[in-house]
There are 2 protein chains.
Amino acid sequence: MKELNKSTILRLARYLRVLQKLKSLGFVKVFSNNLGDAIGVTPAVVRKDFSMISIPGNKRGGYNIDTLIAHLGAALGKDQVHEVIIVGCGRIGSALMEYREFAKEGIHVVAGFDSDPARVAASANVPIYDIREMPDFIRSRGITVGIVAVPDAAAAQVLSRMTEAGIQGVLNFAPVELKCSEGCLIHNVNLGLEIENLFYLLKLGDRQSPVHELT
Amino acid sequence: MKELNKSTILRLARYLRVLQKLKSLGFVKVFSNNLGDAIGVTPAVVRKDFSMISIPGNKRGGYNIDTLIAHLGAALGKDQVHEVIIVGCGRIGSALMEYREFAKEGIHVVAGFDSDPARVAASANVPIYDIREMPDFIRSRGITVGIVAVPDAAAAQVLSRMTEAGIQGVLNFAPVELKCSEGCLIHNVNLGLEIENLFYLLKLGDRQSPVHELT
């Protein structure tokens, strides 16, 4: 297998999503142009991406979906168990602890952590522990990915304690853009900013041309 | 004011965020290189963006933060009330209905909608109505932005009913990439995919070079 870059990896993940949906609809074969349409790239990009993970090109007859799923899954490490922790068990954090979609995708939320003793619940379905127990938990379980859902004032300190213990990838819901100098990956999901941006972009659309004709 | 493109608008929104944080820390002045560092662009980009919204360049003395906040807020329409609805009031949807960060940002969740009669609560703090009432509500209140937090099977139909009634911008949490042909803006936040992507990218890092030295 050749070296894959970040954007290729992310496209492979999106192909895999589409293929799993097609399979659940009973489809057996798919063409590169269908996959390209589904994720917004040309069929040539699809075929090039597949050649990167040693899936032979097949313009005429289409690809077998099961074969593609197996190849993509292997390339992406989909067979591995994906254990994550959630730090901060307020509204957003606790909603994510019970989020059924994670389980469907092979993502296993193994524990939550919170600084509020009232939220600690070690015998819950997904246990919530005191945040002071987090570093030992990360080390002993070899956890590499965590979700941050603490208030913004606590986020930077929580992040450094997580990365010190071994966390390498973070999905951050705290309303502050976290940065990490130690080479760990951080994806910031700022929900307030996402909503604001929609309003700003709609305003931009209003200035340039009507985006959408209202009835 | 000149025509702003999408990426400029999004940068202006990020500057505004940083400036509000600096103001809350008691800062009065800021330089273009500080702002550039904070959002990962060069000082020249910051100055060019500011010139687009008629903020004069000021290399030497720095910018006054209050003046910048006022200019950016006006350019972005920050003074307007941002009313949103949430469609689908399960775990994620109801967590978002009570999300305090929205109120801080001037985003007002005015109602939730659900197809499950057990979730309807018209007299709640943020009322939850039957989803059949949604189109009339959108039209009568002139709502333009909505959050979709329904299961994936329902998402496409819900989206089309929203856009028919006048919704132009959607933040989608349903685990399916929604597309809209009528020119409305959709931002998909697929939480399962976000987590998976972190694992995939960490795996990529492992193959290429150690991302992070574990203790």
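Each remark here, short or long, concerns the structure printed above.
This structure is a prediction, so every number in the text was calculated from the model and none was measured.

1. Describing the interface of chain B and chain A
Thinking step 1. Taken together, the contact between chain B and chain A spans 80 residues of the former and 80 residues of the latter.
Thinking step 2. Of the roughly 7,100 Å² buried between chain B and chain A, counting both surfaces, carbon and sulfur atoms make up 63%.
Thinking step 3. Seen at the junction of chain B and chain A, the total is two salt bridges.
Thinking step 4. Two residues, Glu 196 of chain A and Arg 17 of chain B, come together in a salt bridge whose shortest N-O distance is 3.1 Å.
Thinking step 5. Viewed at the interface, chain A and chain B are joined by eight residue pairs in polar contact (both at pLDDT 80 or more).
Thinking step 6. Among the elements that line the side of chain B that touches chain A, the one with the most residues is helix α9 (residues 191-208) of chain B, at 17 residues.
Thinking step 7. Considered class by class, the residues forming the side of chain B that touches chain A number 40 nonpolar, 17 polar and 23 charged.

2. Details of the pairing of strand β7 (residues 169-172) of chain B
Strand residues, when the strand is regular, have side chains that alternate between the two faces of the sheet.
All names here are of chain B.
Thinking step 1. Side-chain alternation along β7 places Gly 169 and Leu 171 on one buried face and Val 170 and Asn 172 on a second face that is also buried.
Thinking step 2. Taken together, the four bridges between strand β6 (residues 145-148) and β7 define a ladder with parallel strand orientation. Its bridge partner being in β7, Val 148 is matched across the sheet by Asn 172.
Thinking step 3. Crossover β6 to β7 through helix α8 (residues 152-165) is right-handed.
Thinking step 4. Pairing geometry for β7 and strand β8 (residues 185-188), over four bridges, is parallel. Paired with Leu 171 across the two strands is His 187, which belongs to β8.

3. Notes on the pattern of salt bridges
All names here are of chain A.
Thinking step 1. Counted according to the given criterion, the structure contains twelve salt bridges over all chains.
Thinking step 2. We note a salt bridge from Asp 114 to Arg 119, for which the minimum N-O separation is 3.0 Å.
Thinking step 3. Judged by relative accessible area, which is 5%, Asp 114 ranks as buried.
Thinking step 4. For Arg 132, the salt bridge identified is with Asp 130, shortest N-O distance 2.9 Å.
Thinking step 5. Residue classification places Arg 132 among the exposed residues on the basis of a relative accessible area of 65%.

4. Let's talk about the sheet that holds strand β6 (residues 145-148) of chain A
Residue and element names in this part refer to chain A.
Thinking step 1. On the basis of which strands lie adjacent, the open sheet formed by six strands has the order β5-β4-β3-β6-β7-β8 and parallel pairing. With one partner strand each, in any of the chains shown, β5 (128-130) and β8 (185-188) form the two edges of the open sheet. For this sheet, the mean inter-axis angle between neighbouring strands, taken without regard to orientation, is 25°.
Thinking step 2. Here strand β4 (residues 107-114) runs beside β5; their pairing, made up of three bridges, is parallel. Paired with Phe 113 across the two strands is Tyr 129, which belongs to β5.

5. Remarks on the relation of the copies chain B and chain A
Thinking step 1. When chain B is fitted to chain A, the best match, at an RMSD of 0.0 Å, comes from turning it 180° and sliding it 0.0 Å along the axis. Look at the turn and shift together and you get a two-fold axis relating the two.
Thinking step 2. Most of the interface of chain B is mirrored in chain A, where 100% of its interface residues are also at the interface.

6. Overview of the packing of aromatic side chains
Residue and element names in this part refer to chain B.
Thinking step 1. Throughout the structure, instances matching the rule amount to twelve aromatic pairs over all chains.
Thinking step 2. With centroids separated by 5.3 Å and ring planes inclined at 75°, the aromatic side chains of Tyr 15 and Phe 50 adopt a geometry described as edge-to-face. Of this pair, Tyr 15 sits in helix α1 (residues 6-24) while Phe 50 sits in helix α3 (residues 43-52), placing them 35 residues apart in sequence. The exposure classification of Tyr 15 matches that of Phe 50, with both residues buried.
Thinking step 3. Measuring from centroid to centroid gives 5.1 Å for Phe 50 and Tyr 63, while their planes differ by 85°, and the two rings are edge-to-face. Taken together, the residues Phe 50 in helix α3 and Tyr 63 in strand β2 (residues 63-64) connect sequence positions 13 residues apart. Here Phe 50 matches Tyr 63 in class, with each residue buried.

What counts, and at which threshold
Residues numbered from 1 in each chain as written. Chains lettered and ligands numbered in written order. Predicted model: local features only at pLDDT ≥ 70, side-chain atom pairs only at ≥ 80, totals over all residues. Heavy atoms only, no water. Contact = heavy atoms within 4.5 Å. Buried area = accessible area lost by both parts, 1.4 Å probe. Salt bridge = Lys/Arg side-chain N within 4 Å of Asp/Glu carboxyl O. Polar contact = N/O pair within 3.5 Å; in protein donor to acceptor, adjacent residues only side chain to side chain. Helix = DSSP H or I, 4+ residues; strand = E, 2+ residues; numbered from the N terminus. Nonpolar A, V, L, I, M, F, W, Y, C, P; charged D, E, K, R; others polar. Buried < 20%, exposed > 50% of the residue type's maximum accessible area, 1.4 Å probe, protein only. Pairing = 2+ DSSP bridges. Right-handed = clockwise from strand over helix to strand, strands pointing away. Axes fitted to C-alpha atoms, helices over the stretch in contact; angles between N-to-C directions. Least-squares fit on C-alpha atoms with pLDDT ≥ 70 in both. Phe/Tyr/Trp six-rings, centres within 6.5 Å; stacked < 30°, edge-to-face > 60°.

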